[in-house]
Amino acid sequence: MIKRSKIAGTGSCVPVKVLTNKDLESMIDTSDEWITTRTGIRQRHIAEPDENNSDLAAEAARRALSMAGVDAADVDLIIVGTLTPDMPMPSVACLVQKALGAWNAGAFDVSATCSGFLYSLSIADKFVKENPAMKILAIGSEVLSRRTNWQDRTTCVLFADGAGAALVTGSDDQSGLISTCLHADGKVWDLLTIRGLGTAYPVDQDLLSKGWQYIEMKGRDVFKHAVKALESVANECMERAGWNNDDLDLLIAHQANIRILDFLRERLNLPSEKVFINIDKYGNTSAASIPIALDEANRGGRLKKGDNILLISFGGGFTWAGVTMRW
Ligand SMILES: CC(C)(COP(=O)(O)OP(=O)(O)OC[C@H]1O[C@@H](n2cnc3c(N)ncnc32)[C@H](O)[C@@H]1OP(=O)(O)O)[C@@H](O)C(=O)NCCC(=O)NCCS
């Protein structure tokens, strides 16, 4: 029988600096009340100028390795989901390899926006199914604050920085990943973008004056697509696992908006204690949001042996994904 892959350790790391809604009131025309009721966010963590994506990713990875009792030298592969790498070349994964001294690991980044962690976890799952002895770090890590226009109140209240990691290896029992579902729709790519700083547009005065180095979002359209895609992938992934909604012990969804999470709770008919929420503390950390939540749930004793857990994500591209696993 093919062995399952399982998560043997989790870790996360957010910058120390906290930016509250009250702080934002003094920076732009907004209010704590507007941000809290429309998004559920109360505060977020923001990297200092000398703090980079790879620093956060490496620390989250160290914590996951420590929990799993695995040495960096024994890691076979490092996969980082991110849309805010330190630089276009090298990958964040290579910088994490260096920081950890994980000299025996292959390393690459995955570009799947807020679904970056679930895409990475799904790739790790396939490798481990082929060779259960493999030890793979799946990471989601972002420094979105440097791609945020701090004058644009429609986006700057939402996005934030952080990293989460999982050490994935072969399972000895029935615990582990059961189904993985990956989706994308490039037709609507322009609803959520960072157009500049790739190779399509030169970095010149025109680009900077358009603000194309920053996140641009048609918030209402994104919201409508997100709720539809998340509900659909949740049902698809549970069906593939052979679960009904009643079988689910915990839903960890991408932390983008409390209203999206409330919508999912209602549509999936789940009691509130089965929907994990930490958006109030961290805001939207894109690829990092699910592994940070997973680590918090794990360390907080919310994940019990044998629990059925569903992870679902949605982000620019669009991309969306789901993973079911038995803890
Ligand atoms: C961004 C989002 C919170 C905006 O909420 P909304 O209810 O759609 O609000 P709207 O964009 O319609 O704006 C309503 C009003 O609030 C204003 N507004 C926008 N941002 C504001 C802010 N930070 N503070 C105060 N007012 C604000 C708008 O200018 C608008 O004013 P107007 O009616 O005078 O034009 C919401 O659309 C959303 O969460 N979308 C999904 C975003 C997401 O999840 N993205 C990431 C996916 S990975």
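Chains are numbered independently. Their residues run from 1 in the order of the written sequence. Given that this is a predicted model, residues contribute local features only at a pLDDT of at least 70 and side-chain atom pairs are listed and counted only at 80 or more, while totals for whole chains, interfaces and linings are drawn from all residues. Each side-chain value is worked out from all heavy atoms of the structure, with water and hydrogens disregarded.

**Overview of the sheet that holds strand β4 (residues 77–81)**
To keep things clear, this is the line we draw: Two strands pair if DSSP finds at least two bridges between them. The way it works is that DSSP assigns letters per residue, a run of H or I at least four long becomes a helix, a run of E at least two long becomes a strand, and they are numbered from the N terminus. Lines fitted to C-alpha atoms define the axes, with helix axes restricted to the stretch in contact, and inter-axis angles between N-to-C directions lie between 0 and 180 degrees.
On the basis of which strands lie adjacent, the open sheet formed by five strands has the order β1-β7-β6-β4-β5 and mixed pairing. Because the sheet does not close on itself, it has two edges, and the strands there are β1 (5–13) and β5 (106–110). Along the sheet, successive strands turn relative to each other by an average axial angle of 20 degrees, direction set aside. Direction of pairing for β4 relative to strand β6 (residues 136–143): parallel, over a ladder of five bridges.

**Notes on the environment of V92**
Note the cut-off: For this analysis, residues touch if any pair of their heavy atoms sits within 4.5 Å.
Within the secondary structure, V92 sits in helix α4 (residues 92–100). Considering only alpha carbons, one finds V92 and K129, 37 residues apart in sequence, at a separation of 25 Å. Once you skip the residues sitting within four places of it in the chain, V92 turns out to touch N53, S54, A57, V80, T82, P85, D86 and D109.

**Considerations on the nonpolar core**
Filter applied, for reference: For our purposes a nonpolar core is just a set of buried Ala, Val, Leu, Ile, Met, Phe, Trp, Tyr and Cys residues, chained together by side-chain atoms within 4.5 Å. We call a residue buried when its accessible area falls under 20% of the maximum for its residue type, exposed when it is over 50%, and partly exposed in between, using a 1.4 Å probe and counting protein chains only. Domains are outlined according to an automatic or database domain assignment.
Membership of the largest hydrophobic core comes to 44 residues, with the highest contact counts inside it found for L251, L310, I312, F314 and F318. When contributions to this core are tallied by element, the ones reaching two or more residues are α8 (219–241), β11 (250–253), α9 (258–267) and β12 (308–315). The biggest single contributor to this core is α8, with ten residues. Counting contributing residues, this core receives three or more from each of domain 1 (5–173) and domain 2 (178–326). Dropping the residues within four chain positions of it, L310 is found in contact with A234, C237, M238, L248, L250, L251, I252, V323 and T324. Counting 31 residues, the second largest nonpolar core, distinct from the first, contains L77, L121, L250 and I252.

**Examining the site of the ligand**
Keep this limit in mind: Throughout, near means a residue has at least one heavy atom within 4 Å of the molecule or strand. Polar contact is the term for a pair of N or O atoms within 3.5 Å; when the atoms are in protein, one must be able to donate a hydrogen and the other to accept it, and sequence-neighboring residues count only if both atoms are side-chain atoms. Here, Shrake-Rupley sampling with a 1.4 Å probe gives the accessible areas, and only protein chains in the shown set may cover a residue. Following the grouping adopted for this structure description, the nonpolar residues are Ala, Val, Leu, Ile, Met, Phe, Trp, Tyr, Cys and Pro, the charged ones are Asp, Glu, Lys and Arg, and the polar ones are all others, Gly among them.
Within the structure, the ligand sits among 22 residues, and T30, R38, R153, R220 and N257 are positioned closest to it. With respect to the ligand, the side chain of T30 contributes an N or O atom lying 2.6 Å from a nitrogen atom. One nitrogen or oxygen atom from the side chain of R220 is found 2.6 Å from an oxygen atom belonging to the ligand. For the ligand, whose accessible area on its own is 960 Å², the fraction buried by protein is 75%. Those elements giving two or more residues to the shell around the ligand turn out to be α2 (32–39), α6 (153–156), α8, α9 and β12. By residue number, the principal contributor to the shell around the ligand is α8, which donates four residues. When the residues that make up the shell around the ligand are grouped by side-chain class, the tally is nine nonpolar, eight polar and five charged. Viewed by domain, the shell around the ligand spans two of them, domain 1 (5–173) and domain 2 (178–326), each represented by three or more residues.

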